There are 2 protein chains.
Amino acid sequence: MDPLEGRSVLVVGTGLVGTSVGLALTRAGVDVRLADAKPEILAEAVRLGAGRAEPEPGGDGAGRGPAALAVVAVPPEAVAAVVGEVLESGRAAYATDVASVKVLPTTQVRERVTDPGRYVGSHPMAGREISGPNAALADLFEGRPWVICPDDGTHQQAVTRALAVARLVGAVPMTMTAAEHDAAVALVSHAPHVVAALMAGRLAGAPGHEVRLAGPGVTDVTRIASGDPELWTEILTANAAAVRPVLEGLRTDLDRLMTALESPVTGQPVLRELLRGGNDGRSRLPGKHGAAHTEFVTVIVAVDDRPGQLARLFADAGAAGVNVEDVRIEHAPGQPLGLVELDVRPGAEQELAASLRERGWTLRG
Amino acid sequence: MDPLEGRSVLVVGTGLVGTSVGLALTRAGVDVRLADAKPEILAEAVRLGAGRAEPEPGGDGAGRGPAALAVVAVPPEAVAAVVGEVLESGRAAYATDVASVKVLPTTQVRERVTDPGRYVGSHPMAGREISGPNAALADLFEGRPWVICPDDGTHQQAVTRALAVARLVGAVPMTMTAAEHDAAVALVSHAPHVVAALMAGRLAGAPGHEVRLAGPGVTDVTRIASGDPELWTEILTANAAAVRPVLEGLRTDLDRLMTALESPVTGQPVLRELLRGGNDGRSRLPGKHGAAHTEFVTVIVAVDDRPGQLARLFADAGAAGVNVEDVRIEHAPGQPLGLVELDVRPGAEQELAASLRERGWTLRG
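Residues numbered from 1 in each chain as written. Chains lettered and ligands numbered in written order. Predicted model: local features only at pLDDT ≥ 70, side-chain atom pairs only at ≥ 80, totals over all residues. Heavy atoms only, no water.

- As recorded in an unreviewed UniProt entry, chain A goes by the name Prephenate dehydrogenase, listed as coming from Jiangella ureilytica.
- According to UniProt, the comment filed for chain A under the heading Sequence similarities (unreviewed entry) is "Belongs to the prephenate/arogenate dehydrogenase family."
- Under the UniProt heading Pathway (unreviewed entry), the note attached to chain A is "Amino-acid biosynthesis; L-tyrosine biosynthesis; (4-hydroxyphenyl)pyruvate from prephenate (NAD(+) route): step 1/1." (UniProt positions renumbered as here; feature names shortened; annotations may be inferred.)

### Looking at the interface of chain A and chain B
Many authors give the size of an interface as the accessible area that is lost as the parts come together.
Working step 1: Contacts between the two partners involve 128 residues from chain A, matched on the other side by 128 residues from chain B.
Working step 2: Here chain A and chain B share an interface that buries about 11,700 Å² over both sides, 65% of which is from carbon and sulfur atoms.
Working step 3: At the junction of chain A with chain B, the criterion picks out 10 salt bridges.
Working step 4: When the shortest N-O distance is used, the salt bridge between Arg 276 of chain B and Glu 230 of chain A registers 3.2 Å.
Working step 5: The tally of links between chain A and chain B comes to 30 residue pairs in polar contact (both at pLDDT 80 or more).
Working step 6: At 19 residues, helix α6 (residues 178–204) of chain A tops the list of elements feeding residues into the side of chain A that touches chain B. (Contact = heavy atoms within 4.5 Å. Buried area = accessible area lost by both parts, 1.4 Å probe. Salt bridge = Lys/Arg side-chain N within 4 Å of Asp/Glu carboxyl O. Polar contact = N/O pair within 3.5 Å; in protein donor to acceptor, adjacent residues only side chain to side chain. Helix = DSSP H or I, 4+ residues; strand = E, 2+ residues; numbered from the N terminus.)

### Some points on the nonpolar core
Working step 1: By size, the foremost hydrophobic cluster in this structure holds 92 residues, and its most contacted members are Leu 247 of chain A together with Leu 247 of chain B.
Working step 2: Setting aside residues no more than four positions away along its own chain, Leu 247 of chain A makes contact with Ala 191 and Val 194 of chain A together with Leu 254, Leu 257, Met 258 and Leu 261 of chain B. (Core = buried A, V, L, I, M, F, W, Y, C linked by side-chain atoms within 4.5 Å. Buried < 20%, exposed > 50% of the residue type's maximum accessible area, 1.4 Å probe, protein only.)

### Examining the relation of the copies chain A and chain B
The two chain copies are related to each other by a rotation about an axis together with a translation along it.
Working step 1: Screw-axis analysis of chain A against chain B gives a translation of 0.0 Å along the axis, an RMSD of 0.1 Å, and a rotation angle of 180°. Taken together, the rotation angle and the small translation identify this as a two-fold axis. For chain A, the minimum C-alpha distance to the rotation axis belongs to Val 221 of chain A and amounts to 2.0 Å.
Working step 2: Taken as a fraction of all interface residues of chain A, those also at the interface in chain B reach 99%, which identifies the copy contact as same-surface. (Least-squares fit on C-alpha atoms with pLDDT ≥ 70 in both.)

Have a look at this one:
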C-alpha cells in the first residue's frame, strides 16, 4: 500500500520546488502541510493550493502529530540545520531534501543531527529559470529523474517515504549514493556548463566578421552558457570536488589534441582517436524513452517568417504520417528565413521529403 | 550588368558542392560546363541537370572558348594543381575554389600557378552530412555566407565573377583575407567541434547511472560531436595553425577555472568572471535575421508520442497568433513522452500558454 496513504507530508520552504511538490502531492490526494520562514511566501503557496499552513506543533488533535515525511526545500548550506530542527522538534518522523548537490548536506546532517538515519538526501532533476512559488507547476517533476541517496545508516522508512513522494509527483525515482549523484551531475551537467561557458567566452572578444560566420553548431555548443553566473558560481563551488576530476580528464585530452595539432602528420592518429571517443560518448546519451541514442535522419525545410508557417509545416508532416523525432530551427544570416530541421527515423525521410515537396515546401541540405 | 551574363561557368568536381553550384547556376540561366575525373560522377551530375559536359578544349565554335570562371570543387590539397591546369590550359579565364580552409590552397596557388591573380579563394558555408552529386541541392547555398578571400595580387575580374556566382546561387557574399577566414572558422566551427568532441569523450567511459541523468544541456553541448572523425581529422589538420591559438585561449581559461575550484572562497570571483564572459560571448552570436542574439522566453509543452501531435501543437500555437522563434524537443527518460520547448518573444508567452492550455495542452516548467 502507499506508505503515505492517509498521512501528512510537511514541505519546508515554499519556493519553486517546494511549492511544486506541494501542488503535485495535493493533486495526488496527500495532506500537505506548508512552512516557510517568509510568511508572505507561505501565504502565496497556500493561496496557490499547494497545501495548508502547518498547524502549531505538538498536541494530537486531528491533523496534528508529526508528518510522515518532511521535504526540506532550502539552499544546500541550510539543509542540515532545518532537517535537524524538523526531526528533533517532532514536526516530522523522517526527512528528505531536494538540493542539487548531495554530499554537502548529507555530511552536515550526519555531523549535526541526533538520529541522521531518519534523513535521506534526494534531488529531483527539474527546475526553471524563474523562481518563487508563482513559478511552481504541479507537473514540474513528471518524467524527470528523482535521485534518492540512502547510506548504510538510513532507515528504510525514510527511503520508502521519499520514493513514495517521487512516484506521487510523477518523477522517475533512481537511487545512488550521494557521491555517485554528485559525480553524475558533475559529468552530465556541471562540466558541460563549464565547457559551454568557456567556449562562449572565446567569442566575447572576437572581431565581428568572425562571429558573423557562426552557424548552428557553435550555437548549440554554447546554448547553456546563457545561464545565471551567480547561480552557477554557487553550483560549481558546492560541487567543486566532483567537477574537478572531470575537468582534469578534459584538460588531459585537450593537451593531447593540441600537441597533435603541432605535428599534423604524426598527430592525426591522436586526432582520430579523440574524435572517435566523441562519437562513442555521444552515442551513450539517452535518446527517446531512455533507450540508447538513435541516429535520426534530418529533413531540412526553408520556412519564412510569418506566424503559422510552422503550424502548416507540422500539419503537412503529420499528414505524411511520419513521426517527427526532433526539431531544430536555425536562422540564415542576413535573411528573414528560417531553416527547420526535422529529425525522423532512417527510412522515413524520403516519404517525408516527397510529401513536403508535393505540398510546396522548399527542402534544403 | 551581371558579369556572367551570356558567359559560361566551368565547375570542376561534381560532388555535393560542385553539382549544387551547377544546379543553382543553371536555374539562374547561366551556361554551366561540368567536369569530373570520374566519368560516372560527371554523367550523374549532367543527368541531374547541373549543366552540360565540358566540350573539348580549344576551338572557338559556339559554346567553346574559355569559361568566364572555373569553380574548382575538389579537396583542399588538390585545389592548386587543378586551378593551375584549368587556367593555363585556357579552359577558364579566372578560377575560384570552395574548400573549407583558405590559407593552404591560396598559398599553394601562389607558389605553383603562373598568374595566381586569376584565382580567388572562396568558401560557401553550406554542406550536408551526405556527399556526392545525388546529395546536391539547387538551394544549398541560399541565405548561407559565401566567403571570398582576395589578396593584393587578385585581379578584380576574378573577385567580380566569384561574387556574381555567390549572388546567383542565393548566398550572402562576404569578403575577408584567407587568414581572417581560417581564423574565423577556427573560432566558430573548428574549436567548438573540438570542445564538443572532448566533452562527449568524457561520457564514453562513464557508468550507466551517470549517463542516465543526462538532460538537454549536455545533449546540445555535444551534438556536433557525432561528426565524421575522418573528415574532422582532415579539417583540424588543414587549419591547425588557426585552431591552436583558440584552443590555447580556452586552455588558459580552463586552468584559471580549475584553480578557482581548488579554493572555493577566493575562487568565486574568477568563476563569476568566466561565467559572465560566457554570457557575453553567447550574446554576440547572430540571432534571427543576422541581428544581435535575442533572448526568447520558452513555453514548454508535454506531448505524447503519436504522429500528428506536433502538427496539432503548432496549429494551436499558430491559432494563438504567436510567432514561434525556435523549437526544441527533449525526451523524458524512461517515458514515452516528449517535452516541446517553444521560444517566443518576451511578452508573447502568457498569450501562448493560455491559448495552449485552453486547447488542452499540458504546460511544463
